[in-house]
Amino acid sequence: MPTITLSGVVKTYPGGARPAVRDLDLTIPDGSFTCLLGPSGCGKTTTLRMIAGLEQPTLGEITVGDRVLDSVERAVHVPPEKRDMGLVFQNYALWPHLTVRGNTEFGLRMRKVPAERRAARAKEALEKVHVAEWMDRYPSQLSGGQQQRVALARMLAVDPDVLLLDEPLSNLDARLRLEMRTELKRIHAETGATVVFVTHDQMEAMTMATHIAVMCDGDLQQVAPPMDMYERPGNRFVAEFVGSPPMNIVPVGETEPDGLAGALRRYAEKRTDLGEPESVGVRPEALKLAGSRDEIPGGGWSGEAIVGAVLPTGASWTVQLRVLDTDMCAVTHVDPGAGPGDRLHCWARPEDLHVFGRDGARITAWDDSAAPAPEAAS
């Protein structure tokens, strides 16, 4: 399947105060697993439905390789059934009066595939998602996870070049969600199809995607591989949305000289190429804890903290801290050995601090070779 390209795409609904999708330029590489990620109402499902042909753009163009699927200027709209794309909805949309076999064969029947070939492809698809043993059951006799697998099998049976999935795991419990993430990654690796997956769950996006496209209020914020986005968020919204617990953000635009914000601003301004810093962020797992200053390596930022709460999760500890006048959160895989009211020192390497400007955009990544001298916030 050639690359999917959305150029200047706008979608405005009648009576809408603002476009649901605005000036969207997005390239989905051939064979990629691309997640459209963002909060409810950000335009991700609308974008998916436009790719599928269920919605028509108000402006702009959607192409697959050299084939134009939608173009307002050229008055082109290819209907959904002619796009060779498979779509899985959040609610599965299985026919209640058809068996698992009948549901899986449905798309093939609509395409007038001969019965013998239809049966073979349906069986192959059901085996791929491990539900062939329930072939003669009805949807009402299946669990939510089993129904989800049948919906995937129905889509795979028609062998589409593009798989479109609209929050298909949101109705499953935590264990089934984990199983289905693994299943979807396996299916993607085996088929080599291009996958476009809509989710508001950043953990799903991080664990499954080869590329993540973050959206907010109809605007595309950033497109990047998962770890690139996590380590180098393009703006403050992405920094706070991607990651759990979310990144600690300290506004430093207009601050008193004392306090954490003032200390972080002075620390940031020691880099002359940073521009005008408005906020500084550090991820909870990058905020290290120490019992004394002697344990802190040179060159980083450090501050004295008072422990507010320690929340064990089994594999790690989430520590709520009060650093001077600011609440922060740290995650450690080593027992902090402290409780509420205890004093610790926290610190972060220069390269783990993220600086954002007045427009919220990332100013630059820290450079080890040009790290400022250490400064303590205490």
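Residues numbered from 1 in each chain as written. Predicted model: local features only at pLDDT ≥ 70, side-chain atom pairs only at ≥ 80, totals over all residues. Heavy atoms only, no water.

Asker: Where do I start with the overall build of the chain in this structure?
Answerer: Along the chain, the regular secondary structure elements total nine helices and 21 strands. Across its three principal directions, the C-alpha atoms of the chain cover 75 × 50 × 40 Å. For the chain, the proportion of its 378 residues judged to be buried stands at 51%. Restricting to contacts in the chain with at least 6 residues of sequence separation, those with at least 24 account for 65%. As displayed, the chain has an accessible area near 17,200 Å², and 50% of this comes from carbon and sulfur atoms. (Helix = DSSP H or I, 4+ residues; strand = E, 2+ residues; numbered from the N terminus. Buried < 20%, exposed > 50% of the residue type's maximum accessible area, 1.4 Å probe, protein only. Contact = heavy atoms within 4.5 Å. Areas by Shrake-Rupley, 256 points an atom, 1.4 Å probe, with all protein chains shown as cover.)

Asker: Looking at this structure, I do not really get the nonpolar core. What am I missing?
Answerer: Nonpolar side chains in soluble globular proteins tend to end up buried together. Grouped together as the largest cluster of nonpolar side chains are 46 residues, with contacts concentrated most on Leu152, Leu165, Leu184, Phe197, Ile212 and Val242. Looking at this core element by element, the count peaks at seven residues for helix H4 (residues 144-157). Counting residues in each nonpolar core, the second largest holds 25 residues, with Ala261, Leu264, Leu321 and Val323 among its members. (Core = buried A, V, L, I, M, F, W, Y, C linked by side-chain atoms within 4.5 Å.)

Asker: Hey, could you run me through helix H1 (residues 44-52) in this one?
Answerer: Note that an α-helix has 3.6 residues per turn; residues three or four places apart therefore point the same way. A large share of H1 lies buried, amounting to seven of its nine residues. Listing the buried residues of H1 in full gives Lys44, Thr46, Thr47, Leu48, Met50, Ile51 and Ala52. Looking one or two residues beyond H1, the residue adopting positive phi is Gly53, at roughly 95°.

Asker: What is the right way to look at the sheet that holds strand E10 (residues 211-216) in this model?
Answerer: Paired through backbone hydrogen bonds, the strands of a sheet run either parallel or antiparallel to each other. Read from one edge to the other, the open sheet built from six strands follows the order E7-E8-E9-E3-E10-E11, with strand pairing classed as mixed. Taken across any chain shown, the strands that pair with only one partner, and hence form the sheet edges, are strand E7 (85-88) and strand E11 (219-224). Here the strands of the sheet are splayed against their neighbours by 15° on average, with no regard to which way each runs. Sheet analysis places E10 next to E11, joined by five bridges and oriented antiparallel. For Val214, the partnering residue across the bridge sits in E11 and is Gln222. Against the sheet, H1 makes contact with strand E3 (33-37), E7, strand E8 (162-166), strand E9 (194-199) and E10, and its axis sits at roughly 150° relative to E8, the strand it touches most. (Pairing = 2+ DSSP bridges. Axes fitted to C-alpha atoms, helices over the stretch in contact; angles between N-to-C directions.)

Asker: What is the right way to look at the pattern of salt bridges in this model?
Answerer: Side chains that differ in charge, positive against negative, can pair when their charged atoms come close. Scanning the entire structure with this criterion turns up 24 salt bridges. In this structure, Arg149 and Glu179 form a salt bridge, with 3.5 Å as the shortest nitrogen-oxygen distance. Here Arg149 is found in helix H4, whereas its partner Glu179 is found in helix H5 (residues 174-191), with 30 residues between them in sequence. For Glu179, a relative accessible area of 33% translates into the label partly exposed. (Salt bridge = Lys/Arg side-chain N within 4 Å of Asp/Glu carboxyl O.)

Asker: Would you mind going over the packing of aromatic side chains with me for this structure?
Answerer: Given two aromatic rings, their pairing is described by the distance between the two centres and the angle made by the two planes. In total, this model carries three aromatic pairs according to the counting rule given. A ring pair is formed by Phe237 and Phe241, whose centres lie 5.6 Å apart and whose planes are at 15°; its orientation type is stacked. Here the residue Phe237 and the residue Phe241 both occupy positions in helix H8 (residues 236-241), the gap between them amounting to four residues, near one helical turn. For Phe237, a relative accessible area of 24% translates into the label partly exposed. Above the ring of Tyr13, the side-chain terminus of Lys11 is found at 5.1 Å from the ring centroid. (Phe/Tyr/Trp six-rings, centres within 6.5 Å; stacked < 30°, edge-to-face > 60°. Lys NZ or Arg CZ within 6 Å of the ring centre and 35° of its normal.)

Asker: Any chance you could explain unusual backbone geometry here in plain terms?
Answerer: Trans is the common state for peptide bonds, and a negative phi is the common state for residues other than glycine. Following Ser244, the chain continues into Pro245 via a peptide bond in cis, with omega recorded as -5°. Counting through the fold element by element, Pro245 comes out in the loop between H8 and strand E12 (248-251). Within the chain, Ala75 stands out as a residue other than glycine whose phi angle is a positive 55°. Note that Ala75 resides in the loop between strand E5 (67-71) and strand E6 (76-77). Its identity as a non-glycine residue notwithstanding, Lys112 has a phi of 60°, on the positive side. When you line up the elements, Lys112 lands in the loop between helix H2 (100-110) and helix H3 (115-128).

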